[in-house]
Amino acid sequence: MASSSTATPSRRSVFDAAYIRSEFSAAGISAHFIPLIWKYVLQNPWCGDLCGVPSLPATAYALLQQKFRPTTSTLTTAADSKDRTTTKLLIRLQNGESVEAVIMRYDTTLGKYDGKPRSGGVRSTLCVSSQVGCKMGCRFCATGTMGFKSNLSSGEIVEQLVHASRYSQIRNVVFMGMGEPMNNYNALVEAIGVFTGSPFQLSPKRITVSTVGIVHAINKFHNDLPHVNLAVSLHAPDQDIRCQIMPAARAFPLEKLMNALQSYQNKSNQTIFIEYIMLDGVNDQEEHAHQLGKLLETFKAVVNLIPFNPIGSSSNFKTSSDQNVKKFQKVIRGIYNIRTTVRQQMGQDIAGACGQLVVSLPDERSTGGATLLSDIEDFRI
Ligand code: SAH
Ligand code: SF4
């Protein structure tokens with residue numbers, strides 16, 4: 001057994017659920033205390049240590065002191081858009097890297113559900129990152145240009161919610177920040193387990209995981225994360241175009257992906273959110289809309305058309321014209337009867353859209369706008 005001697009191993013986040021549970025279990029401390037510790041950190045975000053958590057056994061304080069920190073990441077900056085609907089958080093991790101998370105405030109009284117105004121007030125959605133960078137290399141994505149740097153621990157994913165909770169009461173979480181969540185699958189499942197338990201108590205129906213289409217992970221998704229929403233970045237209706245814009249499509253061919261989605265839907269009976277980035281002249285023609293409509297004919301799906309946000313000088317793509325987007329939407333809706341929304345862009349003044357986040361590139365984009373995910377929100381009760 002390794003002794004607890006001289007070298008000072010870095011302490012882990014209390015929100016690393018599997019780790020704290022195993023340490024507590026090894027020390028004979030009940031796991032029931034863990035949510036109390038989390039609640040304390042959530043309510044005392046600036047607490048430097050865990051001595052103030054009330055009513056723990058003495059052994060727990062010693063263990064916490066030795067092996068854990070209330071948070072391992074630090075909130076470096078929080079930038080509000082002028083209209084205050086969007087706040088971008090820059091968060092520095094223990095390994096020195098940074099990630100971004102974005103809070104989006106959505107006024108439900110302005111939203112529509114099936115054409116009718118919705119009741120309720122302001123709800124906040126947090127867009128979280130799962131990795132620093134991403135190895136999938138989608139050609140239109142700023143995060144993809146960084147390459148892969150590291151995986152976030154489950155605790156680091158949860159800490160984004162802890163930091164965001166200082167600013168807004170978060171009701172929805174979307175995994176649409178930096179990284180491919182299904183390439184960090186264990187941490188994803190563990191973090192969502194924490195989100196849905198005490199003290200966070202988010203409904204799994206208010207959590208959405210967006211993936212480029214990692215087939216083996218989609219096959220496990222329903223079993224591991226029942227009721228959590230699945231959003232798939234399809235972006236093209238055929239294998240050739242998909243490969244051109246998303247190198248990962250070679251490893252996960254469209255046919256295999258659609259089969260995995262079909263069996264996921266058969267098992268879960270959940271609506272699948274299909275994300276489709278509109279790239280001028282690449283995938284936005286009427287014929288593509290027909291192909292997409294046919295591809296989705298057997299599914300209960302909602303298509304979100306995403307206007308492409310330019311990602312700096314290196315990008316070869318252009319945003320589709322409004323006219324093309326409308327035409328595309330008309331075909332999918334009118335002919336194939338598939339619910340189709342166009343994603344609104346907001347908070348143009350604080351570069352940082354979900355899925356376009358990039359940290360520490362010399363050429364930081366200034367054209368991005370945070371995306372208000374009213375499309376997914378609109379279809380959730
Ligand atoms: N890796 C996951 C989740 C993060 S990306 C995925 O790819 O789904 C979240 C969303 O933002 C994806 O649908 C992604 O395709 C989209 N996105 C990436 N770059 C974008 C850009 N430049 N403009 C608009 N949306 C973009
Ligand atoms: Fe990775 Fe998603 Fe960006 Fe593709 S779109 S590079 S999968 S973060």
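The structure this text deals with has already been given above.
The structure contained in this document is the topic of the report that follows. Because the structure is predicted, anything quoted here is derived from the model rather than measured.

Tallying each qualifying case throughout the model produces six salt bridges. With its nearest N and O atoms 2.6 Å apart, the salt bridge here joins Arg84 to Asp80. Relative accessible area serves as the criterion here: at 36%, Asp80 is assigned to the partly exposed category. Its salt-bridge partner being Glu100, residue Lys88 comes within 3.5 Å of it at the nearest N-O pair.

Once that is clear, we can look at the packing of helix 1 (residues 17–26) against helix 2 (residues 34–43). Look at helix 1 against helix 2: their axes get within 11 Å of each other, and the N-to-C directions meet at 130°. Taken together, the axes of helix 1 and helix 2 are oblique relative to one another. Viewed along their axes, helix 1 and helix 2 form a crossing whose handedness is right-handed. Facing helix 1, whose interface residues are Ala17, Ile20, Arg21 and Phe24, helix 2 presents Ile34, Ile37 and Trp38. By residue class, the composition of the contact of helix 1 with helix 2 is six nonpolar, no polar and one charged.

Attention now goes to unusual backbone geometry. Of note, the bond from Ser198 into Pro199 is cis; its omega dihedral lies within 30 degrees of zero at 5°. You can see Pro199 is positioned in the loop between helix 6 (185–196) and strand 12 (207–211). One non-glycine residue with positive phi stands out, namely His227, at about 75°. Residue placement: His227 occurs in the loop between helix 7 (215–224) and strand 13 (229–233). Positive phi, close to 60°, is recorded for Asn337, a residue that is not glycine. With respect to the helices and strands, Asn337 occurs in the loop between helix 12 (322–335) and strand 16 (339–342). Relative accessible area serves as the criterion here: at 69%, Asn337 is assigned to the exposed category.

As a further point, take the environment of Arg333. Relative to the helices and strands, Arg333 is located in helix 12. Given the relative accessible area of 44%, Arg333 is considered partly exposed. As a C-alpha pair, Arg333 and Gly293 span 40 residues in sequence and 8.6 Å in three-dimensional space. Beyond its immediate sequence surroundings of up to four residues, Arg333 is in contact with Ile338 and Thr340. Separated by 3.1 Å, the side chain of Arg333 and the backbone oxygen of Thr340 make a polar contact.

Attention now moves to empty space enclosed by the protein. Taking a probe equal in size to a water molecule and rolling it over the atoms shows the remaining empty space. Evaluated as defined, the whole model comprises two cavities of 30 Å³ or more. Estimated volume of the second largest cavity: approximately 30 Å³. Along its surface, the second largest cavity is lined by Val212, Gly213, Arg242, Met246, Ala248, Ala249 and Phe252.

Calculation rules
- Residues numbered from 1 in each chain as written.
- Chains lettered and ligands numbered in written order.
- Predicted model: local features only at pLDDT ≥ 70, side-chain atom pairs only at ≥ 80, totals over all residues.
- Heavy atoms only, no water.
- Salt bridge = Lys/Arg side-chain N within 4 Å of Asp/Glu carboxyl O.
- Buried < 20%, exposed > 50% of the residue type's maximum accessible area, 1.4 Å probe, protein only.
- Axes fitted to C-alpha atoms, helices over the stretch in contact; angles between N-to-C directions.
- Helix = DSSP H or I, 4+ residues; strand = E, 2+ residues; numbered from the N terminus.
- Parallel < 35°, antiparallel > 145°, perpendicular 65-115°, else oblique.
- Left-handed = near helix turned anticlockwise from the far one by under 90°.
- Contact = heavy atoms within 4.5 Å.
- Nonpolar A, V, L, I, M, F, W, Y, C, P; charged D, E, K, R; others polar.
- Polar contact = N/O pair within 3.5 Å; in protein donor to acceptor, adjacent residues only side chain to side chain.
- 1 Å grid on protein atoms, 1.4 Å probe; cavity = no way out; pocket = protein on both sides within 12 Å on 5 of 7 lines; lining within 4 Å.
- Points joined across faces, edges and corners; volume = space filled by probe spheres on them.

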